[in-house]
Amino acid sequence: MTYATNEPHLVVCVKVVPKPEEVRVDPQSRRLDRAGARSEINPPDLNAVEFALQIKDRFGGKVSILSMGPPFFEPYLRICLAMGADHVYLLSDRLFGGADTLATTYTLAQAVRRLEPVDLVLCGEESSDGATGQVPPGLAEWLGYQQITLVNDIEMDMSRRTVRGRRERQGGYEILEVPLPAVISVKTGCNEPRFWDYRLKPWAFAPERVTVWSASDMDVDPEFIGLAGSPTQVVGLEQAPSRERKRIMLSGSPQEVAQQLAARLREVLPLVP
Amino acid sequence: MTQVEHLTVDDARWDTLFERTRGAVALCYQCGVCTALCPWGQVREGKPLSVRSLLRRAQLGVPDDHEDIWLCTACAQCESLCPRGVPVAEVFQSLRGMAWEERRVPKGLPSVLWSIYWNNNPWSQPPSHRSRWAKGLEVPRFDPSEHEVLYYVGCTAAYDRRAQKVARALVKLFQAAGVRFGTLGDEEPCCGDAAKSLGYTPYFEEIVQNAAQVFAQNGVRRLVATSPHCFDTFRNYAPRYQADFEAEHYTQFLDRCLSEGRLRFSREVPLRVTFHDPCFLGRRNDEYEAPRRILDAIPGLERVEMARSRQDALCCGGGGGRMWMETSAGERFANLRVQDALATGVQVLVTACPFCIACFEESVKAVGAPNLRVMDVAELAAMAIE
Amino acid sequence: MATSLYGASEAQDVICVFLEREGDTLQRVSLELLSKGRELADEVGWKLAGLLLGYYRMLPLMGQAFEVGADEIWVAEHPLLKTFTVEAYTSAAFQVIMNRKPSIFLCGATPNGRDLAGRLAVKLRTGLTADCTDLRMREGGILVGEVTGFGGGVLALIKTPQHRPQMATVRPGVFPLKPPRTERVSRAVEIISVTLDEAQVRTRVVEQVVGRGADITQSPVVVVGGRGIQGRFDLLRQLAELLGGEVGATRPPVDSGQIERERQVGQTGVVCRPKVAIVCGASGAFQFTVGIQHADTVIAINTDPEAPIFETADYGVVGDALQIVPALIEALRNSRVAVTSG
Ligand SMILES: Cc1cc2nc3c(=O)[nH]c(=O)nc-3n(C[C@H](O)[C@H](O)[C@H](O)COP(=O)(O)OP(=O)(O)OC[C@H]3O[C@@H](n4cnc5c(N)ncnc54)[C@H](O)[C@@H]3O)c2cc1C
Ligand SMILES: Cc1cc2nc3c(=O)[nH]c(=O)nc-3n(C[C@H](O)[C@H](O)[C@H](O)COP(=O)(O)OP(=O)(O)OC[C@H]3O[C@@H](n4cnc5c(N)ncnc54)[C@H](O)[C@@H]3O)c2cc1C
Ligand code: SF4
Ligand code: SF4
C-alpha cells in the first residue's frame, strides 16, 4: 500500500441499537419484542466517533462511518456526519440479516478492504444489544490488522505510523503501541462526544452523503454472510430477572451486616477474595 | 478606553450577534446598572460578573472566550432595571451559541444536549420511565374530548425524586378541585429550556417546534406546567413557532380554581412560611400574586416576606443552565437566599420551581439550618385539602 | 454454509480450557473454568485439557491445573510467549488447537481472553459464544452457553451445532471453584511445538503502571462518601483498595475540601459505571444518583431508614457507616486469608 499523504483515513464502526430497557421477550412466542423500542447510536460508538474526529481535527484526513444493518439505521448514522464525519457506508441487505459475530466481522472487514487505504478502524467496546465485544478483535483478524481493545485514550503518530492506546488494568493502566493499520475499541464514556453541529445538518442529510452497499455491491462470499455464515444459533430467549434495583435491606450487628455485604460483594466482584 | 485599541474587532461577529439578538445588543449605552445588580457581585467579591463590559466587548465584536459568559443565570435582575431594555440573558445565550460553534463549551454540556436528543430529557434518564412518578395515582392519558387541560409535568418533576413529590401533590389538588386533566405520559416532549439556556438556539427551536406539534396532534389547547421554566418556554417562545395553545403555571391555575370556588382548603396548616419568587415566574412572567394568594388561602398558615422579594427577589442560582454546571461552594446564590429566609424566622421556605427546591435544600444543609424546611406551594396546598 | 477448519467428525472428545497466567499463578477464572469443565466432561465421558502458553516456570502452574481436575495439559513454550501479546498467543493457540482438535474451547472473558478468543474464532472459522453466564452440556456433546444482552435484560441460549471447536468465553466469578482433588487417574503433560516469528509480534508495551489511581469513571468499584461519613475518607480508601476500586464523593465533602473536586460523582461531577458502587452517608439526592445510575450493583449505608438513597440501592443497610465500613474491611481481610491458605 502506498500512502500519498499523511492524512489518515479513519473508519468508525457504528451500530444502531434499541434502548435496552425497552426491549422485551414476548413470554408466549419467546421472541424479542423490540418493535416499540426507541433506537439510539450504541453509546460507546459515539465515543469512537469523537476520537476519530479529534484525530481529524489534528491531522486532517477523513472519517468514514461504517455500519451493517437495516435501512432504518440511515438517519441515525447521519448524525455522525453532523458531528463532523465525512461519509457513511451502510451495508444493508436481507442476506446480511441474522449475522453472528463471525459473519458480522467478515462483512465489515470486506467493506473496510474496499475502503482501503485505511489507517485506523475504531469501534465501541461492545454493543448494548449483543454485547459480545468480539467484533473488534474479529475484524482485526480478518483484516490482518493490529489491535488494541478497551482503550480510554489514544494518540496517533502519523510520521511513525503508529497508534498508542491506554487501557485500564487491575490497579493501574498500560499503554500499548501498535503500527498502523489497526483496530481500536474504546471504553464507554471515555470522552465526551461533541454534539452535532446544526450548521452541518442540512449537509449531513443530503442523499449523496450515504452509500448503501448490498451484498451484490460487495466482494463477499455468500457462504460467509448473514444467517448462512453464522456458526452460532440462538436456541432460547428469556426475559432476565428484573433490571430494577433490588432494594433488599440487610440487618444485624455491624459485624453481621459486614459478613452479608462481603458475601454479596463476592457474588458480584469475582476478582476479589 | 485606551485598552479597547488592543482588541481585535470582528465585524462579522458583531453582525451575527446583532442579528441573533434582533438588534438588542446595540441598545446598551454602558451605564453599568446591570453589573451593579447582578447577584454574582454578591458572591464573588472583587470579581463580579461584569455584564456591562462583556456587552461592550460583544458590541465591538471582540471574540469572547471568556468563561464568564456561562455564569448568567438568566435571573433578569439586571433586565428589570436596565434603562435601555436590553435582554441581557438572551445576549449571553447568543454569545454561548457562538461558543458552541467554536467548540469552546464547558465539559458536561454536550452530554446534556445529547441526553435531550436520545432521552427526551436533560437528566440522562430513560424516556420509557417518564411517567413512573405517577405510580399508584390515577393519571389518565390526555384526551381533548374529555379533559379541560393538559398537565405538563416536565422533565425535572418527572424524574427528580424530590420534585416528583410536587407533581404528586398537584395531582391530589387537581383531583380535589375536580379538574378534568390528563398527561402525555411517556410521550410528553421536553420543553427545551436547557438547550435554550445553554445557548444552542437552533436545537432549542427544533425542540419547541416539535413540542408544539405534539401538542397540536394531541388536541391540546391549554396546558398547566409544574416548572416556571417550562411555562416560560411555552408562553414566550412557542408562539414564535405558530403554536396554538395557552400555557399557565400551576400556581396561576390553582389560584383560579380557588377564586372560582372549585378548590377549597379545609385543613389547618399552622406554619410560618416565606415565599421565594422563582425568577421565571416573577421577573420573567410578572406573576407575583398567584402563589401568594394560594398560600394566604391556607387556614392557619402565616406568611411573611423576606427583605428582598417580588421584583427584588434573589435568584436561587439554578436558571440559565446553571443546574448543569458546577458552582463553587462559596458562590451559590442559594446560600444567601437561605440566609434571607432565616432572617425572617420562618419554619418553611416556600417556592414554586423544582430548580429552586434543589438549590435551597442543598444550601439549607450547607449553611447548617436543619430547622428550615424547603417546600413547594403545591405541597403546602395539598396539606390543606380533604 | 462455510465450514470450520475441522468439523465434528474430526474433533476429539476433549474440552480444552485456556489457562491464563498472572505472574506465578493461574488466574482464578481459569481455575473456575477447569472446575466447570471437569463437570461438563464427566457428563459425557470426555477428557479435560488445559492449554498453557508461556516460556518459563510453567511447572507450578501445571500443578494447580491438575489439582482442579485437568487430565492433560498442552504446553507450548516459546520466548515470544513470555508475556501476553495477542499476535503471539493467537498464533500459538491456533497451532495447538489445530494439532489437538478439541471439541470445545473455553476461555475466561478477561480483557486478554476476549482479545484472544475473538481472533481465534475467526482464524478457526468457528462460532464463539461470548461472555457466558452459564454453560450446559447437551446430548452429543453440544455446548449451550447462556449469555445476557440488552443491558442484562435478556437471556439468550446459544450453541454452535456444526463448527468446531465450540468456543465460549465465560465471565470471571460465574462458576465456583471446586476444592482441589487429590486422586487423579492420569496427569499427562504434552509439549506441542509451535513456530512463531518475531516479526509477527508488533504490539509494544510502552508503559505499565501499577498502583497509580485509575480514573474513577473507569473503576470497577467506587466507594462513595457523603456528608454523613464526616470526612473519614481514610476508611473508604482502605475499603476501595481492598476491592480494587476508587473513592468518590458527593458534593458536600468536596465543598468542604475533604476530597478533590475530580472525585465528585453526579450531575455536575462525573458519571461512573462500576460493577459496584458502595454509597456511605449520602442521602441520595437526584443530582447525585444520576452519577451512579449505571452501576451494576449499588450498596447503600445510611443511618436514616427514610433516606431516598435506599430507593436506588440493591442492598441497603440502616446503620452507622463509620462502624459498618471497618467491619466490612475486617470481614474482607479475613476471607482473603481464608482463600489463599485454603
Ligand atoms: C442477546 C444476544 C446475544 C448474542 N450473543 C452472541 C454470541 O454469543 N456470539 C455471536 O457470535 N453472536 C451473538 N449475538 C449476535 C451479535 O450480537 C451480532 O453478531 C452482532 O452483529 C455483532 O455483535 P455485537 O452486537 O455483540 O457487537 P460487539 O462486538 O459487542 O460490538 C463492538 C463494536 O463493534 C462495532 N459493531 C458491532 N456490530 C456492528 C454493526 N452491525 N455495524 C457496525 N459496527 C458494528 C461497534 O463499534 C460496536 O461498538 C448475540 C445477539 C444478541 C441479541
Ligand atoms: C445544581 C446542582 C448540582 C448538584 N450536583 C451535584 C453532584 O454532581 N453531586 C452531588 O453529590 N451532589 C450534587 N448536588 C447536591 C445534591 O443536591 C445534594 O445536596 C448532595 O448530593 C447531598 O450530599 P449528601 O448526600 O452527602 O449530604 P446529605 O444530603 O446531607 O446527606 C447525608 C446523609 O448521611 C446520613 N448519615 C449521617 N451520618 C451518618 C453515618 N454515621 N453513617 C451513615 N449515614 C449517615 C444522613 O442520614 C444523610 O442521609 C447538586 C445540587 C445542585 C443544586
Ligand atoms: S443596564 Fe442595560 S444599558 Fe446599562 S450597561 Fe447594562 S445592559 Fe447596558
Ligand atoms: S440575568 Fe441575572 S445572572 Fe444574568 S447577568 Fe443579569 S443579573 Fe446577572
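Residues numbered from 1 in each chain as written. Chains lettered and ligands numbered in written order. Predicted model: local features only at pLDDT ≥ 70, side-chain atom pairs only at ≥ 80, totals over all residues. Heavy atoms only, no water.

Student: For this particular structure, what's the right way to read the overall build of chain C?
Tutor: Along its length, chain C carries eight helices and 20 strands. The C-alpha extent of chain C, read off along each of the three principal axes, is 65 × 40 × 40 Å. Of the contacts formed within chain C by residues at least 6 apart in sequence, a portion of 64% connects residues at least 24 apart. Here chain C contributes 35 positively and 38 negatively charged side chains, and the mean placements of these two sets differ by 4 Å. (Helix = DSSP H or I, 4+ residues; strand = E, 2+ residues; numbered from the N terminus. Contact = heavy atoms within 4.5 Å. Lys, Arg positive; Asp, Glu negative; His and termini not counted. Charge placed at Lys NZ, Arg CZ, Asp CG, Glu CD.)

Student: Would you mind showing me how to read the site of ligand 1 here?
Tutor: Residues in contact with ligand 1 amount to 33 residues; listed here are only the nearest, C13(A), K15(A), D45(A), S127(A) and T132(A). Mapping the residues adjacent to ligand 1 onto the chains of the assembly identifies chains A and C. Relative to its unbound accessible surface of 920 Å², ligand 1 loses 93% to contact with the protein. Going through the elements one at a time, strand 6 (62-68), helix 3 (101-115), strand 8 (120-124) and helix 4 (135-143) of chain A together with strand 8 (128-132) and strand 10 (142-149) of chain C are the ones with two or more residues in the shell around ligand 1. Looking at side-chain class alone, the shell around ligand 1 contains 15 nonpolar, 13 polar and five charged residues. (Near = heavy atom within 4 Å. Areas by Shrake-Rupley, 256 points an atom, 1.4 Å probe, with all protein chains shown as cover. Nonpolar A, V, L, I, M, F, W, Y, C, P; charged D, E, K, R; others polar.)

Student: How should the site of ligand 2 be read in this particular structure?
Tutor: Around ligand 2, the structure places 31 residues, and the nearest of them are K365(B), R227(C), T250(C), S283(C) and N302(C). Each of chains B and C places residues near ligand 2. Between an oxygen atom of ligand 2 and a main-chain N or O atom of Q267(C), the distance comes to 3.2 Å. Take N302(C): an N or O atom from its side chain is 2.7 Å from an oxygen atom of ligand 2. (Polar contact = N/O pair within 3.5 Å; in protein donor to acceptor, adjacent residues only side chain to side chain.)

Student: When you look at the interface of chain B and chain A in this model, what are you seeing that I'm missing?
Tutor: Taken together, the contacts link 24 residues of chain B with 22 residues of chain A. Here chain B is connected to chain A by three salt bridges. A salt bridge links R132(B) to E244(A), with the shortest nitrogen-to-oxygen separation between them at 3.0 Å. Summed over the shared surface of chain B and chain A, the number is 13 residue pairs in polar contact (both at pLDDT 80 or more). (Salt bridge = Lys/Arg side-chain N within 4 Å of Asp/Glu carboxyl O.)

Student: Could you clarify how one ought to interpret unusual backbone geometry in this entry?
Tutor: Leave glycine aside and you will find that most residues have negative phi; peptide bonds, for their part, are mostly trans. Of note, the bond from L180(A) into P181(A) is cis; its omega dihedral lies within 30 degrees of zero at 0°. Within the secondary structure layout, P181(A) lies in the loop between strand 11 (172-179) and strand 12 (182-186). Positive phi outside glycine occurs at L150(A), with the angle close to 60°. Among the secondary structure elements, L150(A) is positioned in strand 9 (residues 146-157). One non-glycine residue, D131(C), adopts positive backbone phi at about 60°.

Student: Help me understand the interface of chain A and chain C, please; the structure alone is not making it clear to me.
Tutor: Accessible area lost upon the coming together of the parts is a frequently used measure of interface size. At the interface, 86 residues of chain A touch 88 residues of chain C. Between chain A and chain C the total buried area reaches about 7,400 Å² when both faces are included, carbon and sulfur atoms providing 58% of it. Linking chain A with chain C are six salt bridges. Between E177(A) and R204(C) there is a salt bridge whose closest N-O contact spans 3.1 Å. Remark: the boundary between chain A and chain C carries 37 residue pairs in polar contact (both at pLDDT 80 or more). Taken together, the elements giving at least two residues each to the side of chain A that touches chain C come down to helix 3, helix 4, strand 9, strand 10 (162-169), strand 11, strand 14 (233-239), strand 15 (248-250) and helix 6 (254-268) of chain A. With 12 residues, helix 6 of chain A is the largest single contributor of residues to the side of chain A that touches chain C. Tallied by class, residues from the side of chain A that touches chain C come to 41 nonpolar, 23 polar and 22 charged. The pairing of strand 15 of chain A with strand 20 (residues 315-318) of chain C spans three bridges and is classified as parallel. Paired with I248(A) across the bridge in strand 20 of chain C is Y315(C). (Buried area = accessible area lost by both parts, 1.4 Å probe. Pairing = 2+ DSSP bridges.)

Student: I would appreciate a short explanation of the confidence of the model for chain C in the present structure.
Tutor: If pLDDT is low for a region, its predicted coordinates should not be looked at in detail. All names here are of chain C. On average, residues of chain C carry a pLDDT of 92, and 96% of them reach 70 or more. Low pLDDT (under 50) marks residues 337-342, which in the prediction has one contact with non-local residues, meaning those over four places away or in another chain. Two numbers describe this predicted complex: its pTM, 0.95, and its ipTM, 0.94. (pLDDT = per-residue confidence, 0-100.)

Student: Sorry, what's going on with the packing of helix 11 (residues 201-217) of chain B against helix 12 (residues 228-237) of chain B here?
Tutor: The geometry of a pair of packed helices is captured by two quantities: the angle between their axes and the separation between those axes. Residues and elements named next belong to chain B. Between helix 11 and helix 12, whose axes approach to 11 Å, the crossing angle comes to 85°. Here helix 12 runs roughly perpendicular to helix 11, going by the angle between their axes. Here F204, V208, A211 and F215 of helix 11 come into contact with helix 12, specifically with T233, F234 and Y237. Residue composition of the contact of helix 11 with helix 12, grouped by class: six nonpolar, one polar and no charged. (Axes fitted to C-alpha atoms, helices over the stretch in contact; angles between N-to-C directions. Parallel < 35°, antiparallel > 145°, perpendicular 65-115°, else oblique.)

Student: For this particular structure, what's the right way to read the pattern of salt bridges?
Tutor: A pair can form between side chains of opposite charge whenever their charged atoms are brought close. Residue and element names in this part refer to chain B. Under the definition given, this model contains 78 salt bridges over all chains. Note that E331 is salt-bridged to K47, the shortest N-O span being 3.9 Å. Taken as a pair, E331 in the loop between strand 6 (302-304) and helix 15 (333-343) and K47 in the loop between helix 3 (40-43) and helix 4 (51-60) lie far apart in primary sequence, 284 residues in all. For E331, a relative accessible area of 16% gives the class buried. (Buried < 20%, exposed > 50% of the residue type's maximum accessible area, 1.4 Å probe, protein only.)

Student: Which parts of the structure should I look at to understand the sheet that holds strand 18 (residues 276-280) of chain C?
Tutor: Strands belonging to one sheet form pairs held by backbone hydrogen bonds; the direction of such a pair is parallel or antiparallel. Spatially, 15(A)-20(C)-19(C)-18(C)-16(C)-17(C) is the arrangement adopted by the six strands of the open sheet, whose pairing is parallel. The open sheet has two edge strands, strand 15 of chain A together with strand 17 (246-249) of chain C, and neither has a second partner. Averaged over neighbouring strand pairs, the angle between their axes works out to 20° when direction is ignored. Here strand 16 (residues 221-225) of chain C runs beside strand 18 of chain C; their pairing, made up of five bridges, is parallel. Looking at the pairing, G225(C) lines up with C280(C) of strand 18 of chain C. Most of the contacts of helix 5 (residues 233-242) of chain C go to strand 17 of chain C, to which it runs at about 140°, and overall it touches strand 16, strand 17 and strand 18 of chain C.

Student: Would you explain the environment of D131(C) in this entry?
Tutor: With respect to the secondary-structure elements, D131(C) resides in strand 8. Along the backbone, D131(C) and G226(C) are 95 residues apart, and their C-alpha atoms lie at a distance of 35 Å. Setting aside anything within four residues of it in sequence, one finds D131(C) in contact with E126(A), A131(A), A109(C), R114(C), E146(C), V147(C), T169(C) and R171(C).

Student: Where do I start with the sheet that holds strand 10 of chain C in this structure?
Tutor: Pairing within the open sheet is antiparallel, and its four strands lie in the order 14(A)-11(C)-10(C)-9(C). Looking at which strands have only one partner, the edges of the open sheet turn out to be strand 14 of chain A together with strand 9 (134-138) of chain C. Recorded for the sheet is a direction-independent mean angle of 25° between the axes of neighbouring strands. Across the face of the sheet, helix 1 (residues 28-44) of chain C comes into contact with strand 9 and strand 10 of chain C while running at roughly 15° to strand 9 of chain C.

Student: Is there a simple way to think about empty space enclosed by the protein in this case?
Tutor: Empty space among the atoms becomes visible once a probe the size of a water molecule is rolled across them. Residues and elements named next belong to chain B. For the coordinates displayed, the defined rule picks out eight cavities of 30 Å³ or more. Estimated volume of the largest cavity: approximately 140 Å³. C155, T156, C191, C230 and F355 are, among the 19 residues lining the largest cavity, the residues nearest its centre. Those elements that provide at least two residues to the lining of the largest cavity are helix 8 (155-159), helix 10 (193-197), helix 12 and helix 16 (354-366). Counting residues per element, the lining of the largest cavity draws most heavily on helix 8, which supplies three residues. Of the residues that constitute the lining of the largest cavity, the class distribution is 13 nonpolar, five polar and one charged. Composition of the lining of the largest cavity by domain shows at least three residues from each of domain 2 (109-257) and domain 3 (265-383). Approximately 100 Å³ is the volume found for the second largest cavity. In this structure, the second largest cavity is lined by 17 residues; those nearest its centre are C38, C72, T73, C75 and C78. At the level of secondary structure, the elements contributing two or more residues to the lining of the second largest cavity comprise helix 5 (77-81) and helix 6 (88-101). (1 Å grid on protein atoms, 1.4 Å probe; cavity = no way out; pocket = protein on both sides within 12 Å on 5 of 7 lines; lining within 4 Å. Points joined across faces, edges and corners; volume = space filled by probe spheres on them. Domains from an automatic or database assignment.)

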